[in-house]
Amino acid sequence: MAVQRVRQQGGVEVADMRRPIGVEDGRGEQHAAARPAGPGGGGGGGKTHPRRETARRPQHGGQTIEASGAERPPRKAGREGVRQRRPMGARRRALARAPCGRRGRAGPARGKRREVTGDMFRCRVAAAGGSLARALRPLSPAPRGRAAAGNLLQRWNVPVKLQMSRQMASSGVPRGKGDSSVFVLIVGLSTLGAGAYAYKTLKENKERFTSRVTTITTRSQENESSPSDADTASQGTAAPGARPEVPSHVPFLLIGGGTAAFAAARSIRARDPGARVLIVSEDPALPYMRPPLSKELWFSDDPNVTETLRFKQWNGKERSIYFQPPSFYVPARDLPFVENGGVAVLCGKKVVHMDVRGNVVKLSDGTQISYDKCLIATGGSPRNLPAIERAGKDVQQRLTLFRKIEDFKNLEKISREVKSITIIGGGFLGSELACALGRRAQARGLEVIQLFPENGNMGKVLPEYLSNWTTEKVRREGVKVMPNAVVKSVSVCGNRLMIKLKNGQKVETDHIVAAVGLEPNVELAKSAGLEVDSDFGGFRVNAELQARSNIWVAGDAACFYDIKLGRRRVEHHDHAVVSGRLAGENMTGAAKPYWHQSMFWSDLGPDVGYEAIGLVDSSLPTVGVFAKATAKDTPKSATEQSGTGIRSESETEAEASEVAISSSSSPMPQVPKQGEDYGKGVIFYLRDKVVVGIVLWNVFNRMPIARKIIKDGEEHADLNEVAKLFNIHED
C-alpha cells in the first residue's frame, strides 16, 4: 500500500507518494504473497532483509524526508579517513522505482535488472554532481532570504514532475548552502567566453574578411556585367575602368618583340585560332623586321622615311617595316576578355626575373604575370669594343651601336649634320652600312670610313679572293676602307674623336658606328636556372627548341643542335622566322624537331648581293664556280621575281625534292684569278670532303637546291657538276 506524506519545503506543501518495497507495477503485493517464506520469514525462498527505515537527509529548508522501512546499519569505512557511503534517499528511490513504459514488456526479471542498473547509474551521476558542486562551493554566493529555502525551480513554482532530481537540481553539496545559481553562473560565463572568443577571432581576421567580401562583390559585379563585356570584346574595344593594364595570367607568354616572337605568335594563332598570346617587348615599337634598317631604308628618296618607316623594295614596291599595323593587335588589358583571343604587345617592358617552377615572370616595374607556356626570344645586344668602353662619356655620346629603329633614326639624322662617320666592323652589318652611307656621301660630301682587322670586307665569311673583290666594290661606293686596322684607343680631341690604331695610324672622325657582332641576351638564365652554352653562347635547347618542359627558345638567343653540322647559334632573319614558327607549333603540341638549314642574305646595294646557307667560314676549304652575270642576276631582279625584298619569306623552308648530279670527268673548278669580275657563281665550303656550306653569289631563288645538298651530306667528286644544278651558265 502506498504511503502518502506531506512535507513542507520553502513554505510549499509537497505530496510524497511512496510504494512499499516489493510492489512493482501494481502487482508487488500479489507477488510477495505468492512467494514461500524463507528461513528468515521472508518471501521468495531466500534470506529476508529487514525493511529499511526512512533515510534522513537535509532538504533546502532544513527539513527532512522520511521513508518507511527498517533501518539499515550504516556501512563502516574500510579505513579511517574514507567517507562512508550514504544510503539512497527516499525521494531518489521513489523516482528510481517510477513505472517505465518498456518495463512491462520486458518481464519481471528483466525489469528488475533494469531497475537495479538504473539505480546504480543515477547514484554515480549524483556522486559526480556532488563532487563538482563541492569543488565549486567556494565560488558560490551564500544564499540569502528565500533563496536559501529552495532551489530555483522551486522558487519559480515549477511543478514537481518537471523538476530534476534533487542532486541534479541543486549545485550545492549535501548539507551545503549552495544552490543552482552557480549553475546559471557557469552557463553565463561559458556563453560570455564563447562570445569573447568569437569577437576576438572576427577582429583578428577583419582584413581577410573584408578582402574576401570585396573579392566576392567584385566577381559578382563582373558576372553581372559579362554580357556587356562580351559585346565590348567582340568589337575589339577596351573597358578601361575595371581592367588592369597588364593581365595577371596569359596562356602563351612571349618574351621579346623581334622577328622570332612575332613568327611564334602567328604560328600559335594558326594552330589555335582562339589562343591568347602576350608579347613582352623591351623595344618601344611594335614587332618589325630588322634587315631594311641597314638596306632599303637608306636608299629611299622619301625625306620623311624616318617617320613613316616605309621603303621601296628593289622591285619598286612599297611596304612598311612593321610586320602588321597596330589594328592587328589586341590591347593588353582586353586580352583575357576577347572572345576569339588575339595577340597583344606590351611595349617598353622588360622581364627581369623568371620563376620557372611557379610559371611566373616579373617585369622591371614589379608587375608579375603567370603563364602556361613561355617562349624566350630575347635576341641579342650589339657588342662594343673594349677600347671604346674604357673611353669617357664624351666618346659614348658620339657612339652608335646599331640595332633598333631608334638607332636608324639617330644615325640618319647624324649623317645630315656631321662631316665624317667611321664604321668599325667588316661583317654583314658593317659592310651594308658602309655601302648605304657611301651612296649618301657622294651626294652630300660626307666622309665615310670603314676599318676592320680582317684583310677585306666579309673576311670571316668569304674566301680571300672574293673578300678582296667585295672590298673594292665598297670603295667604289665612296667609302674609305682601311683593312687590317685594330683599334687601340679612342679619345676626344677638340670637337672631334681621335681613333688610334695599333699600327700607329690615327683617324679623326665626328661619329663612330660599332658593328662588331651580337651578344645573346641570356640574363634570365640565372633566375630561371637555364643552361647557357659556353662555346657559342645562348640558351641550350633540345631538338624541339625546348629549354625546359614548358619553356622554348628561338631566334638569336637559341643554341640548338644541328643534326648535320653540330651545335650552332645563328643570328639571321631566316633563322628567327623558322625557329620562331617551329617553337610556336611545338608550344601548341606539334613536337617537331628543328632540322631546318637557315639561310641569310646580304646586299651591297641594288646590284650586288648574295645568299648563304650552312657553315660559311673562310677558314674552311672552299671551291668556287663562277660565270658571267646578266641583267637578271641582281638583287633588284630577284626582288621582282619573288615579290619581296625579304627573300627568306619566299624560300625559307623550300627544298628540292631530288638532286640528280651526273658523273663527269671534267676537272675541278679553279679559283678565279685576282682582278677578275665575279659576275655570279657558287662557292662550296667543305669539311672532310663534304659540302657543309654554300654561298650563292648573285644567284637567287636557288636556295632549295643548296639546302638539299647540305641535307644529303654526300661527297662529290666533281663540284663543277654540282654547280650546274644552279643554272649559273644560263643566259
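Model, not experiment: these values are computed from the prediction.

S.K.: So what's going on with the sheet that holds strand S29 (residues 680-687)? Residues and values would help.
M.R.: Strands belonging to one sheet form pairs held by backbone hydrogen bonds; the direction of such a pair is parallel or antiparallel. With antiparallel pairing, the 5 strands of this open sheet are ordered in space as S26-S27-S30-S29-S28. Only two strands of the sheet have a single neighbouring strand rather than two, namely strand S26 (599-603) and strand S28 (622-627). Within this sheet the neighbouring strands show an average axis-to-axis angle of 15°, counted without direction. In this structure, S28 lies alongside S29, joined through 6 bridges in antiparallel fashion. By the bridge assignment, threonine 622 is partnered in S29 with tyrosine 685. The sheet strands contacting helix H14 (residues 428-444) are S26 and strand S27 (609-614), and the helix crosses S26 at an angle near 25°.

S.K.: So, the pairing of strand S8 (residues 351-355): which residues are in play, and what are the values?
M.R.: Across 4 bridges, the pairing between S8 and strand S9 (residues 360-363) is antiparallel. If you follow methionine 354 over to S9, its bridge partner there is valine 361. Count of turn residues in the S8/S9 antiparallel hairpin: 4 residues, of which asparagine 359 carries a positive phi of about 55°.

S.K.: Report on helix H13 (residues 405-417), specifying residues and quantitative values.
M.R.: Between the first and last C-alpha of H13 there are 19 Å, a value that for 13 residues agrees with the 18 Å anticipated at 1.5 Å per step. Packed against the buried residues of H13 are helix H10 (305-308), strand S12 (399-401), strand S13 (420-424), H14 and strand S19 (511-514).

S.K.: Kindly report on the sheet that holds strand S17 (residues 496-501), identifying the contributing residues and their values.
M.R.: On the basis of which strands lie adjacent, the open sheet formed by 3 strands has the order S16-S17-S18 and antiparallel pairing. A strand with exactly one partner marks an edge of an open sheet, and here the two such strands are strand S16 (487-493) and strand S18 (506-509). Averaged over all neighbouring strand pairs, the angle between strand axes comes to 20°, with direction disregarded. Alignment of S17 against S18, held across 4 bridges, turns out to be antiparallel. Note that in S18 the partner of methionine 498 across the bridge is glutamate 508.

S.K.: With reference to specific residues and values, describe the environment of alanine 717.
M.R.: Relative to the helices and strands, alanine 717 resides in the loop between helix H20 (703-712) and helix H21 (719-724). As a C-alpha pair, alanine 717 and valine 690 span 27 residues in sequence and 9.9 Å in three-dimensional space.

What counts, and at which threshold
Each chain carries its own residue numbering, running from 1 in the written order of its sequence. Given that the model is predicted, a residue must reach a pLDDT of at least 70 before its local features are reported, and side-chain atom pairs must reach 80 or more before they are shown or counted; all residues, however, enter totals for whole chains, interfaces and linings. As a rule here, side-chain values come from all non-hydrogen atoms in the structure, and water together with hydrogens is ignored. In this analysis, strands are considered paired if DSSP registers two or more bridges between them. For the purposes of this entry, the term helix denotes a DSSP run of H or I that reaches at least four residues, the term strand denotes a run of E that reaches at least two, and both are numbered from the N terminus. Interaxial angle, 0 to 180 degrees, is taken between N-to-C directions of lines fitted to C-alpha atoms, where a helix line uses only the stretch in contact. We call two residues contacting when some pair of their heavy atoms lies within 4.5 Å. A helix's residues, less one, multiplied by 1.5 Å, set its expected span.

Honestly, that's just the spatial picture; any functional story needs more than this.
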